[in-house]
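# Reading the structure
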Amino acid sequence: MAEGGGGARRRAPALLEAARARYESLHISDDVFGESGPDSGGNPFYSTSAASHSSSAASSDDEPERPGPSPGLAAPPPGAQEPEEDEAGAGWSTTLRDRPPPRFEDTGGPTRQMPPSASAMDFFQLFVPDNVLKNMVVQTNMYAKKFQERFGSDGAWADVTLAEMKAFLGCVISTSTSHCESVLSIWSGGFYSNPSLALVMSQARFEKILKYFHVVAFRSSQTTHGLYKVQPFLDSLQNGFDSAFRPSQTQVLHEPLIDEDPVFIATCTERELRKRKKRKFSLWVRQCSSTGFIIQIYVHLKEGGGPDGLDALKNKPQLHGMVARSLCRNAAGRNYIIFTGPSITSLTLFEEFEKQGIYCCGLLSPRKSDCTGLPPSMLSDPASPPARGQHQIRTKGSMSLICWYNKGPFRFLTNAYSPVQQGVIIRRRAGQIPCPLAVEAFAAHLSYICKYFISHKPNKTWQQVFWFAVSIAVNNAYVLYKMSDAYHVKRYSRAQFGDRLVRELLGLEDTSPAH
C-alpha cells in the first residue's frame, strides 16, 4: 500500500502539469516569456515600467518614419537572406512608421454607485436577482411534479421555497472557497465539513433539491439549442453584466482553466481521474484586463451537427475564430484593444476586426495559429538565436509582426501598437529587458484570471455550464465590490467575500437593504 501511495504522489506533479497544459488559449504556464524561476516572484506576468510608453495616450511626432533597422532590432543571422520577393509582393515591409494608438474616450467602471453598507448579497444580486431565483423555484417545482406523475410519488418531497433555493445555491457556492471536491462534504464530519451550513439545511433536503433542480423544466416545441435548459439564465446574466459595468479599452479573450481543481489533481489517484467525465463544452470569456470583470461568456458545445458544431468546423483555428467573433459581436466601433492567445491570433481575423473598429494584439505560434498571409521568414527560427531583447519587425499597413527574443523567439501580431515605440519587461532581479511596446502591453494586461470556480461537478452538461456561470457572477460581484465604497468599510479578500456571500444566502448573516 505504501508503494502504491508513493506512485500516486509521483504521478501528482505530472497530472498537475497536464491540467495546466490544457490552458492553451493564452499559451502561458508559469512564465509568460519562458523564464520560470525565482525572478518571476510567483507571478506569471512581469511588472512594467511606470514611465512606459504604454501609459501615454499620445505618440511621438519627432520621427514619423524610420526606414531600416532601429535600436533593439536584431540583425539578420549569418547566412540568412533578406525577406523574399514573395513577402514584399504580399505587402510586408521592413519600413517602420509610427502610428497613434486607437482613441478611447469612454470611462470604464461600474454604472451604479453602491452604498458603503452594501452586502455581498447586494453585489451578487446585481446579476442573479430574486426574480431569477423565483423562476428557479417555479421550474424546479414543476419538474418535480411532472417527474413524480411519470415515475411515482416521492413522499419525501415538498415544494422548494425561495429561502431554500438561496440556501441550496449557497451550499454549492461554498465549494469555490473550500475547494472540496464534493458539496456533500459539508455534512461529512470530516476536514471539509461545515456544521454552520449543515444546521441550515439537512443533507437529505439538499439532495432532494439537487435531484429536481431546473432552470428550464421543459423544452418548447421551437427549441433546438442544446443548452435550452440554461440559456435563459445565461441571457439574464449577460444583461446584468452589460448594465452593471463599462469595460476599459484593453480586454482579453481566453478560455479559463476550469477542467479540474489543481488541489484535487495533485492529490487524486488515477482511478479517481478515470471516473471523471470529460466536459462536452468549452467556455470562453471576454475579460476586462484592468479590473478582471468578465464582460461576456460564450459556451460552445463540442458535439452537434449544426453550423457551430465540430462536424462543420474542421479545424481549431476556424472554431476559435468563430468564438472570437461571437465574444466581440457587441464590441464593434468602440476602439477596444483585444489581447488574444495563439489559438485565436490570425491575420485574417485581425483585419476583419479592424474594419469593425476593434484592434488586437495577439501571441502567435507557428504550430497553433492560423499563419495564412504571414511572411515565412518571420516564422522560422534562426540557426543562431539573437541576444535577449533583440527583435525583428515586419509591417503591412497598420499590422505589425514582431519576433522578439528572450531565451527563444516570441512572436506577436498587432495593429494596436506602434512598431516604433519601445517598452521594457522588468524582472525583479535581472533588471530591464528591452522590447517593442506591443510585447510590454501584452505582458502587462494578462494578470486577471478567474480562479475561484465552484468545485461541484455534476454529470449533466447544462448543470456544469450553470455552475460555471454562477462562479463568474460571484467573480464579477467581487470586482464591483472592490471598486465600491463598501470595500473601504470592510476589506474582504476574494475568499472572504465568497464565504460572506454563502452565509448571507443561507441567512446566517443579516443583510441590511442597500438604498
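Rules used throughout
- Note on numbering: residues in each chain are counted from 1, in written sequence order.
- Only residues with pLDDT of at least 70 are given local features in this predicted model, and only at 80 or more are side-chain atom pairs given and counted; all residues enter the totals for whole chains, interfaces and linings.
- Calculated side-chain values reflect all of the structure's heavy atoms, with hydrogen atoms and water omitted.
- Secondary structure follows DSSP: runs of H or I at least 4 residues long count as helices, runs of E at least 2 residues long count as strands, and numbering of each begins at the N terminus.
- Burial status follows relative accessibility: with a 1.4 Å probe on protein chains alone, a residue under 20% of its type maximum counts as buried, one over 50% as exposed, and anything between as partly exposed.
- Contacts between residues were defined by any pair of non-hydrogen atoms, one from each residue, lying within 4.5 Å.
- Surface accessibility follows the Shrake-Rupley procedure with a 1.4 Å probe radius. Residue values consider only the protein chains on display as shielding.
- As used in this record, nonpolar core signifies buried Ala, Val, Leu, Ile, Met, Phe, Trp, Tyr and Cys residues forming a set joined through side-chain atoms within 4.5 Å.
- Paired strands, as defined in this entry, are two strands with at least two bridges between them according to DSSP.
- Here the expected span of a helix is defined as 1.5 Å times the quantity of residues minus one.
- The convention used is that axes are lines fitted to C-alpha atoms, helices contributing only their stretch in contact, and that angles between N-to-C directions extend from 0 to 180 degrees.
- Roughly parallel refers to an angle under 35 degrees, roughly antiparallel to one over 145, roughly perpendicular to one between 65 and 115, and oblique to any angle outside these ranges.
- If you view the pair so one helix is near and one far, a crossing is left-handed when the near helix is turned anticlockwise from the far one by less than a right angle, and right-handed when it is turned clockwise.
- Residues are grouped as follows: Ala, Val, Leu, Ile, Met, Phe, Trp, Tyr, Cys and Pro are nonpolar; Asp, Glu, Lys and Arg are charged; all remaining types, including Gly, are polar.
- For this analysis, a salt bridge means a side-chain nitrogen from Lys or Arg found within 4 Å of a carboxyl oxygen belonging to Asp or Glu.
- Handedness of a crossover is defined as follows: with both strands directed away from the viewer, a clockwise route from the first strand across the helix to the second makes it right-handed.
- We call Phe, Tyr and Trp rings a pair once their centres come within 6.5 Å, taking the six-membered ring for Trp, and we label the pair stacked below 30 degrees between planes, edge-to-face above 60, and tilted otherwise.
- Along the arc lie the directions from the helix axis toward the C-beta atoms.
- Surface patches are defined over residues having more than 30% relative accessible area and no salt bridge, joining like charges when they lie within 9 Å and nonpolar side chains (Val, Leu, Ile, Met, Phe, Trp, Tyr) when within 5 Å.

## Things to note about the overall build of the chain
Each helix and strand in the chain was counted, giving 17 helices and 14 strands. Looking at the 515 residues of the chain, the share that counts as buried comes to 50%. Put simply, 70% of the contacts in the chain that link residues at least 6 apart link residues at least 24 apart. Carbon and sulfur atoms provide 51% of the accessible area of the chain, an area that totals close to 24,200 Å².

## Looking at the nonpolar core
A general trend in soluble globular proteins is that nonpolar side chains are found buried together. Of all hydrophobic cores here, the largest spans 78 residues; its most connected members are Phe 127, Phe 233 and Phe 466. Counting residues per element, this core draws most heavily on helix α15 (residues 461–482), at 15 residues. Formed by 30 residues, the second largest nonpolar core is a distinct cluster that contains Leu 349, Cys 371, Leu 374 and Leu 413.

## Quick look at the side chain of Gln 139
Along the chain, the position of Gln 139 falls in helix α4 (residues 130–151). For Gln 139, a relative accessible area of 15% corresponds to the buried category. In contact with Gln 139, other than residues within four places in its own chain, are His 214, Val 215, Val 216 and Ala 217.

## Things to note about the pairing of strand β12 (residues 409–414)
Across the six residues of β12, five count as buried, placing the element largely inside the fold. Summarising the sheet, strand β11 (residues 399–405) and β12 pair through six bridges and their orientation is antiparallel. Bridging across to β12, Ile 402 finds its partner in Phe 412.

## Comments concerning helix α12 (residues 316–327)
With 12 residues, α12 should cover 16 Å at 1.5 Å per step; its first-to-last C-alpha distance of 16 Å lies within 8% of that length. Here α12 has its buried residues at Leu 319, His 320, Gly 321, Met 322, Val 323, Ala 324, Ser 326 and Leu 327.

## A closer look at the packing of α12 against helix α13 (residues 347–355)
Where α12 contacts α13, the axes come no closer than 11 Å and their chain directions differ by 15°. Relative to α13, the element α12 lies roughly parallel. For the crossing formed where α12 meets α13, the hand is right-handed. Together, Gly 321, Ala 324 and Arg 325 of α12 and Leu 349, Glu 352 and Phe 353 of α13 make up the contact between the two elements. Here the contact of α12 with α13 is built from residues that sort into three nonpolar, one polar and two charged.

## Describing the pattern of salt bridges
Going through the model one piece at a time under the given rule, you end up with seven salt bridges. We note a salt bridge from Asp 130 to Lys 166, for which the minimum N-O separation is 3.2 Å. Of this pair, Asp 130 sits in helix α4 while Lys 166 sits in helix α5 (residues 162–173), and the two are 36 residues apart along the sequence. Among the residues examined, Asp 130 registers a relative accessible area of 28% and is labelled partly exposed. Lys 166 gets classed as buried once you look at its relative accessible area, which sits at 16%. Residue Asp 381 is joined to Arg 411 by a salt bridge in which the shortest nitrogen-to-oxygen separation is 2.7 Å.

## Digging into the pairing of strand β9 (residues 358–364)
Each regular strand shows side chains that alternate between the opposite faces of the sheet. Where burial is concerned, most of β9 is hidden: seven out of the seven residues are buried. On β9, burial covers both faces: Ile 358, Cys 360, Gly 362 and Leu 364 on one face and Tyr 359, Cys 361 and Leu 363 on the other are all buried. As judged from the five bridges shared by strand β8 (residues 336–340) and β9, these two strands associate in the parallel manner. If you follow Phe 339 over to β9, its bridge partner there is Cys 361. Regarding topology, α13 serves as the crossover connection from β8 to the parallel β9, and that connection is right-handed. For β9 and β12, the ladder comprises four bridges, and the chain directions are antiparallel. Opposite Leu 364, over in β12, you have Arg 411 as the bridge partner.

## Observations concerning unusual backbone geometry
Backbone geometry places Asn 335, a non-glycine residue, at a positive phi of 60°. Of note in this structure, Lys 407 is not a glycine but carries a positive phi near 55°. Note that Lys 407 resides in the loop between β11 and β12.

## As for the packing of aromatic side chains
The description of two aromatic rings rests on the distance between their centres and on the angle between their planes. By the definition in use, this model includes 29 aromatic pairs. Relative to Phe 151, the ring of Phe 147 has its centre 4.8 Å away and its plane inclined at 40°; by these criteria the two rings are tilted. Taken together, the residues span about one helical turn, with Phe 147 and Phe 151 both in helix α4 at a distance of four residues. When its relative accessible area of 25% is taken as the criterion, Phe 147 is described as partly exposed.

## Some details on the sheet that holds β8
Overall, mixed pairing links the eight strands, which are arranged β7-β6-β5-β8-β9-β12-β11-β10 in an open sheet. At either margin of the open sheet sits one strand with a lone partner, and together these are β7 (294–301) and β10 (391–396). Ignoring strand direction, the axes of neighbouring strands in this sheet form an average angle of 15°. Running over the sheet, α13 touches β8, β9, β10, β11 and β12 and is turned about 165° from β9.

## Things to note about α13
Taken residue by residue, α13 has Leu 347, Leu 349, Phe 350 and Phe 353 as its buried positions. Down the axis of α13, the smallest arc covering the buried residues is 165°, so these residues share one side. Looking at the buried residues of α13, the elements they touch are α12, β8, β9, β10, β11 and β12. Positioned one or two residues after α13, Gly 357 has a phi angle of 80°, which is positive.

## Looking at the environment of Ser 182
Relative to the assigned elements, Ser 182 resides in the loop between α6 (175–178) and α7 (195–200). Sequence spacing of Ser 182 and Pro 458 is 276 residues, and the spatial spacing of their C-alpha atoms is 9.7 Å.

## Examining a nonpolar patch on the surface
Nonpolar side chains collect at one region of the surface, where Val 138, Met 142 and Phe 218 lie side by side and expose about 250 Å² of accessible area between them. Of the residues examined, Met 142 reaches a relative accessible area of 37% and is grouped as partly exposed.

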